[in-house]
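Remarks on the overall topology
Single-letter residue listing:
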Amino acid sequence: MDDASDRAVFTASAKALRTIAVDRGLRDMIRSSPTLLHALEKAAWRFVAGPDRQSALRCATELHSRGILSSIDFQGEDAEARSEVDAAVDEFVEATRATASLNVGASISLNLSHIGLAIDRALAVANCERILAAATPTGTEVLLNMEGDRYREDILSIYLDLAPRFSTFGITLQACLSRTERDLEMCLEVPGRIRLVKGAYDELGHGTDIRSGSVDAQYRRLSQRLIESGHACAIATHDPSILAGLLATSARRPEAVEFEMLFSVATHRLEKLRDLGRQVRVYLPYGHKWHLYLFHRLAEHPPNLHVALTAMVKELQAR
Ligand code: FDA
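These notes cover the structure that comes with them.

Basis of the calculations
- Residues numbered from 1 in each chain as written.
- Predicted model: local features only at pLDDT ≥ 70, side-chain atom pairs only at ≥ 80, totals over all residues.
- Heavy atoms only, no water.
- Helix = DSSP H or I, 4+ residues; strand = E, 2+ residues; numbered from the N terminus.
- Rg over C-alpha atoms; globule rule 2.2 N^0.38 Å.
- Buried < 20%, exposed > 50% of the residue type's maximum accessible area, 1.4 Å probe, protein only.
- Contact = heavy atoms within 4.5 Å.
- Axes fitted to C-alpha atoms, helices over the stretch in contact; angles between N-to-C directions.
- Parallel < 35°, antiparallel > 145°, perpendicular 65-115°, else oblique.
- Left-handed = near helix turned anticlockwise from the far one by under 90°.
- Nonpolar A, V, L, I, M, F, W, Y, C, P; charged D, E, K, R; others polar.
- Near = heavy atom within 4 Å.
- Polar contact = N/O pair within 3.5 Å; in protein donor to acceptor, adjacent residues only side chain to side chain.
- Pairing = 2+ DSSP bridges.
- Salt bridge = Lys/Arg side-chain N within 4 Å of Asp/Glu carboxyl O.
- Phe/Tyr/Trp six-rings, centres within 6.5 Å; stacked < 30°, edge-to-face > 60°.

**Digging into the overall build of the chain**
- Scanning the chain from N- to C-terminus turns up 13 helices and eight strands.
- For the chain, whose C-alpha radius of gyration is 19 Å, the value lies close to the compact-globule estimate of 20 Å for 319 residues.
- With the C-alpha coordinates of the chain rotated into their principal frame, the extents come out at 50 × 50 × 40 Å.
- For the chain, with 319 residues in total, the buried portion stands at 55%.
- Pairs at least 24 apart in sequence give 72% of the contacts found in the chain among residues at least 6 apart.

Written out as structure tokens, the structure is:
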């Protein structure tokens, strides 16, 4: 195959995997099939710290001993049962307390649709305030993940409403959206770290390839703006050419700029930044709701699909 057909196959596979990621029917089917769930779990554990808070805390401590900070996320999204939402909020409050007492510089990341936004905006606000009230006195940062189209507007407006009262509250923005330029300016008006990512959801590009040159160009532009503003930020990408381009700019404000990658993805690049004296962090998810996360990771990097399939086949053969 030539480069163009390789690229076409990659784009089509990535699109299919992103569609699978957000398909609730498929997610429920996987969760209800113990064999499939177990086989896929083997693939998921490469990207996820483990099934519970203790695994995440162990991993955060080990990372800290290697000079890498973490952002812990009890995974989940689209929670429509009140019991699931209440349990998630309790878990985040406990995770906040536990990370603070560990003293390993860990922050918390969360999806608002995991703590009430899939039910009611006011519920999400109240729950987010509860988590922030537990985190703020200990100085623990809480960062909102940015989700798909259904929730994006609410996530931004809830953030802008609460951020003036909670200085350690931050947000993630997706560079692949044209609206992000405006959103970024609004977020720069309030305190709190701004994490810039390319964006993982397929509907973002309305069918365009998420890795296309225009997304990369937009990422470069927005990250320059962010770094030059002096605002606390996280440059959250594994892209070596973008990282190389930002090294000099970020060196002027090293205390405000953090480099952040996903747990077990391109770790050697993060370690290289650490060795250059930069502050580095990994996004460290835990829990059993790894479905969306796993499929996003497979969509981003085709070799991951091969590794995942091999792990699944081995698991199925062993049964
Ligand atoms: P890109 O996908 O172009 O990859 C650049 C290079 O990085 C690849 O060539 C490969 O070498 C390596 N790479 C990338 N992904 C890999 C993978 N899965 N496995 C192995 N290698 C890989 N998205 C979102 O929509 N909302 C959010 O809240 C977040 N939150 C978030 C937090 C943090 C800390 C990070 C790093 C990322 C996110 N994301 C996210 C995901 C983000 O939008 C994006 O999908 C991934 O980071 C991949 O994009 P890159 O910027 O790495 O570029």
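Having seen it, we continue.
**Some details on the packing of helix H9 (residues 213-229) against helix H10 (residues 240-251)**
- Packing of H9 against H10 brings their axes to within 11 Å, and their N-to-C directions diverge by 20 degrees. Taken together, the axes of H9 and H10 are roughly parallel relative to one another. Handedness of the H9/H10 crossing: right-handed. For the pair H9 and H10, contact is made by Asp216, Tyr219, Arg220, Ser223, Gln224, Ile227 and Glu228 and by Ser241, Ile242, Gly245, Leu246, Thr249 and Ser250, respectively.
- In the contact of H9 with H10, the residues fall into four nonpolar, six polar and three charged.

**Describing the site of the ligand**
- The environment of the ligand is made up of 25 residues, and the closest members are Lys198, Gly199, Thr237, His238 and Glu300.
- Contact distances for the ligand include 2.8 Å between a nitrogen atom and a backbone N or O atom of methionine 146.
- Between histidine 238 and the ligand, the recorded distance is 2.7 Å, taken from a side-chain N or O atom to an oxygen atom.
- When contributions to the shell around the ligand are tallied by element, the ones reaching two or more residues are strand E4 (169-174), strand E5 (194-197), strand E7 (257-262) and helix H12 (291-300).
- In terms of residue count, the dominant contributor to the shell around the ligand is E7 (three residues).
- Of the residues assigned to the shell around the ligand, the class counts are nine nonpolar, eight polar and eight charged.

**What about unusual backbone geometry?**
- Of note in this structure, serine 264 is not a glycine but carries a positive phi near 65 degrees.
- Inspection of the secondary structure assignment puts serine 264 in the loop between E7 and helix H11 (267-275).
- Although it is not a glycine, alanine 266 sits at a positive phi angle of roughly 45 degrees.

**Let's talk about the environment of alanine 163**
- Structurally, alanine 163 is set in the loop between helix H7 (149-162) and E4.
- Spatially, the C-alpha atoms of alanine 163 and cysteine 187 are 8.9 Å apart, while their sequence positions differ by 24 residues.
- The residues contacting alanine 163, other than those within four sequence positions of it, are Phe169, Val190 and Pro191.

**Concerning the sheet that holds strand E6 (residues 233-236)**
- One closed barrel accounts for eight strands, arranged E1-E2-E3-E4-E5-E6-E7-E8; its pairing is parallel. For this sheet, the mean inter-axis angle between neighbouring strands, taken without regard to orientation, is 25 degrees.
- Where E7 lies against strand E8 (residues 279-286), five bridges are found, and the strand directions are parallel. By the bridge assignment for E8, glutamate 260 is matched with arginine 281.
- Contacts from helix H6 (residues 121-135) reach strand E2 (107-110), strand E3 (142-144) and E4, with the element oriented near 150 degrees to E3.

**Comments concerning the pattern of salt bridges**
- Across all of its chains, the model carries 26 salt bridges by this definition.
- Across the salt bridge formed by aspartate 78 and arginine 150, the nearest N and O atoms sit 3.5 Å from each other. A residue pair is termed long-range when its members are at least 10 positions apart, and aspartate 78 in the loop between strand E1 (69-74) and helix H5 (82-102) and arginine 150 in helix H7 qualify at 72 residues.
- The partly exposed category is assigned to arginine 150, whose relative accessible area is 48%.
- A salt bridge links glutamate 260 to arginine 195; the shortest N-O distance between them is 3.0 Å. Within this pair, whereas glutamate 260 is found in strand E7, its partner arginine 195 is found in strand E5, the two being separated by 65 residues in sequence.
- Classification of glutamate 260 by relative accessible area gives buried; the value is 3%.
- Residue class for arginine 195 comes out buried when judged on its relative accessible area of 5%.
- One continuous salt-bridge network, built from bridges that share partners, spans Glu141, Arg193, Glu258 and Arg281.

**Comments concerning the packing of aromatic side chains**
- Inspection of the entire model under this criterion finds four aromatic pairs.
- On the numbers, 5.5 Å between centres and 40 degrees between planes, the contact of phenylalanine 74 with tyrosine 286 is tilted. With phenylalanine 74 in strand E1 and tyrosine 286 in strand E8, this residue pair connects regions lying 212 residues apart in the sequence.
- When the centroid spacing of 5.7 Å and the interplanar angle of 40 degrees are considered together, the rings of tyrosine 283 and tyrosine 293 count as tilted. Here the residue tyrosine 283 occupies a position in strand E8, and tyrosine 293 occupies one in helix H12, the gap between them amounting to ten residues. In this structure, tyrosine 283 and tyrosine 293 share a single accessibility class: buried.
- These aromatic residues form a ring-pair network of at least three members: Phe74, Phe92 and Tyr286.

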